[in-house]
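Each chain, letter by letter, is given below.
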Amino acid sequence: MTTRKEQTIPFVNLHGHTTFSIFDGMGYPKDHMDFAYDNGSDALAFTDHGNMNALSYQVIHAKKMKAEGKKFKPIFGIEAYFIDDIDKWKKEYEESAEKKKKKDFGLSIEDEAESKRATRNILSRRAHLVLLAQNQKGLENLFELVSKSYERENFYRYPRIDYKMLEEHSEGIICSTACLSGPLSKDYWNNRELGAEAVKVAMRATCERFKGIFGDSFYGELQWNGIPEQHDVNGYIIDVCDELGI
């Protein structure tokens, strides 16, 4: 029997991927939940790319853990694929030669490097966005967003949502700005050659738009890894979010 470790610093992972994030995650939900619990954590979120396929596994294993006397909270979420305006995108698509190509519709396979490059091709442009259910209403809204993202008019290589959909289904949802493919990181990639102030101007506009939708449930997300640009992005996020009270 494994002895549970005590946490010296309270921590809950709110951005994580399971085997349902193809090419970007591994392990079934129960394995992640058991590992988190054994290492002193009392809760864990799954934010798989473009889907919430881990949810039923979370619910079932959380019930098993409860029956074993383990207090553990499953947090339901998604790392969604986001673009600003799907209606505007449709017009750009119709004007493009891309419409002559075969339309794809099916399982999305995450390619983080390609997501960063997607700023170059306006049709492929997208960002990652972490959404977490805060309560039952939030969970229902996540279901709505996921379902709509897979509708044919919204799906292009990936299931996508936009600002309009978020405005319609924001209640009960916590939003954070994800990784180096997130919306604030896109502002960095698109403007860094123009200088620091250009990056901040773009980030301020993005933050104000999201804050207008989610209010105090919108967060700038910081990550720690070995990528130099990540630390540049972190610095901008800290400055802009401090300035805007986020």
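Just above sits the structure.
What you see is a predicted model; the values in this text were computed from it and never measured.

Conventions adopted
Residues numbered from 1 in each chain as written. Predicted model: local features only at pLDDT ≥ 70, side-chain atom pairs only at ≥ 80, totals over all residues. Heavy atoms only, no water. Salt bridge = Lys/Arg side-chain N within 4 Å of Asp/Glu carboxyl O. Buried < 20%, exposed > 50% of the residue type's maximum accessible area, 1.4 Å probe, protein only. Helix = DSSP H or I, 4+ residues; strand = E, 2+ residues; numbered from the N terminus. Expected span 1.5 Å × (residues − 1). Phe/Tyr/Trp six-rings, centres within 6.5 Å; stacked < 30°, edge-to-face > 60°. Lys NZ or Arg CZ within 6 Å of the ring centre and 35° of its normal.

*Asks:* Is there a simple way to think about the pattern of salt bridges in this case?
*Replies:* A side chain of one charge can pair with a side chain of the opposite charge when the charged atoms of the two come close. One pass over the structure, following the stated rule, counts ten salt bridges. When the shortest N-O distance is used, the salt bridge between Lys-30 and Asp-31 registers 3.3 Å. Taking relative accessible area as the criterion, Lys-30 reaches 43% and is therefore assigned partly exposed. Residue classification places Asp-31 among the partly exposed residues on the basis of a relative accessible area of 38%. Between Lys-70 and Glu-68 there is a salt bridge, with the nearest N and O atoms lying 3.4 Å from each other. Residue classification places Lys-70 among the partly exposed positions, given a relative accessible area of 24%. Ionic contacts of the salt-bridge type, sharing partners, join the residues Glu-197, Arg-204 and Glu-243 into one network.

*Asks:* Explanation requested: helix H8 (residues 196-214) in the structure shown.
*Replies:* An α-helical segment advances 3.6 residues per turn. Residues three or four places apart therefore align on the same side. The end-to-end C-alpha distance of H8 is 26 Å, a good match for the 27 Å that 19 residues give at a rise of 1.5 Å each. Taken together, the buried positions of H8 are Val-199, Ala-202, Met-203, Arg-204, Thr-206, Cys-207, Phe-210, Ile-213 and Phe-214.

*Asks:* So what exactly am I meant to see when it comes to the packing of aromatic side chains here?
*Replies:* Enumeration over the complete set of coordinates arrives at 15 aromatic pairs. Ring centres of Tyr-150 and Phe-155 lie 5.9 Å apart, and the angle between their planes is 35°; this geometry places the pair in the tilted category. Classification of Phe-155 as buried rests on a relative accessible area of 7%. An aromatic cluster of at least three residues, connected via ring pairs, comprises Phe-82, Tyr-163, Phe-210 and Phe-218. Sitting above the plane of the Tyr-37 ring, Arg-4 keeps its charged end 3.9 Å from the centroid. Over the ring of Tyr-163 we find Arg-209, and its NZ or CZ is 3.9 Å from the ring centre.

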